[in-house]
Amino acid sequence: MQIDELVRAILAIVVGYVVGGIPWGVIVARVAGGPDPRSLGSGRTGGANVLRAVGPRAALASGLLDVGKGVVAVLFARLLGTGLVIEILAALAAILGHSRSPFLGLQGGRGVSAGIGGLLVLQPIVAAVIVPVFALVLVLSRYSSLASLTASAVGGIVVVAMAIAAPLPVAYIGYGIAAPAMIWIFHADNIQRLLRGQERRFGERG
């Protein structure tokens, strides 16, 4: 890799992380005149907590902006002409930034929305598969965390299967493993509460 390529690769990954770290949940809640979503529920900045803090419209706005993080990360890498591997790393960086935001002392969300945004650019077909999976599990269980865990796992399996079967480049195997693994790690406390039967259901306040 030449120096110019290395600089563009590093820039794409750093921008992916910084964009991923923009705390839209906190910003939207503040603009809406509500409490910091980190003071409620799981203490995170994602849509479920924004819903608890300021209602469905703000939660939808926050969620769409978080999806935009992954979209911007991949498109910026593509604009720089970095190639698929760096686009994937930028998408992963956005997930990391979303959950470990440099603007919130390494706090944040769970990375799901940013992950969906990255997939919308990298593989929109897979994104189209996992969104209804998320919605179905959420409707049936009313646990947003369980819906996120299920959708990310299904998405990872689909991506890896497509890469092994050769419709997708082999680099997608790394994404199909790394993205769900990160999301599951960021849901560690949710998983513990689910196992104990103490997880809050979607829409519950407090």
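Whatever comes next refers back to the structure up there.
Keep in mind that this is a model prediction, so the values were computed, not measured. (Residues numbered from 1 in each chain as written. Predicted model: local features only at pLDDT ≥ 70, side-chain atom pairs only at ≥ 80, totals over all residues. Heavy atoms only, no water.)

## Some words on the side chain of H98
Here H98 lies in helix α5 (residues 84–99). Look past the residues within four positions of H98 in its chain and what remains in contact with it is G20, G21, D66, K69, Q107, G108, G109, R110, G111, V112 and A114. (Helix = DSSP H or I, 4+ residues; strand = E, 2+ residues; numbered from the N terminus. Contact = heavy atoms within 4.5 Å.)

## Overview of the layout of surface pockets
Roughly 800 Å³ of volume is contained in the largest pocket. Lining the largest pocket are 36 residues; nearest its centre among them are G47, A48, S113, F134 and S144. Of all the elements in the fold, those that place two or more residues in the lining of the largest pocket are α3 (47–54), α4 (56–79), α6 (112–122), α7 (124–141), α8 (144–164) and α10 (188–196). Residue contributions to the lining of the largest pocket peak at seven residues, all from α4. Split into classes, the residues belonging to the lining of the largest pocket amount to 14 nonpolar, 15 polar and seven charged. (1 Å grid on protein atoms, 1.4 Å probe; cavity = no way out; pocket = protein on both sides within 12 Å on 5 of 7 lines; lining within 4 Å. Points joined across faces, edges and corners; volume = space filled by probe spheres on them. Nonpolar A, V, L, I, M, F, W, Y, C, P; charged D, E, K, R; others polar.)

## With respect to helix α9 (residues 171–186)
Given a rise of 1.5 Å per residue, 16 residues ought to cover 22 Å, and the 23 Å separating the end C-alpha atoms of α9 matches this to within 8%. Those residues of α9 that sit buried are Y172, Y175, G176, A179, P180, M182, I183 and F186. The buried residues of α9 occupy an angular sector of 155° when projected down its axis, which confines them to one face. Within α9, the exposed residues directed more than 90 degrees away from the buried face are I177 and I185. Lining the buried residues of α9 we find α5, α6, α8 and α10. (Expected span 1.5 Å × (residues − 1). Buried < 20%, exposed > 50% of the residue type's maximum accessible area, 1.4 Å probe, protein only. Arc of directions from axis to C-beta.)

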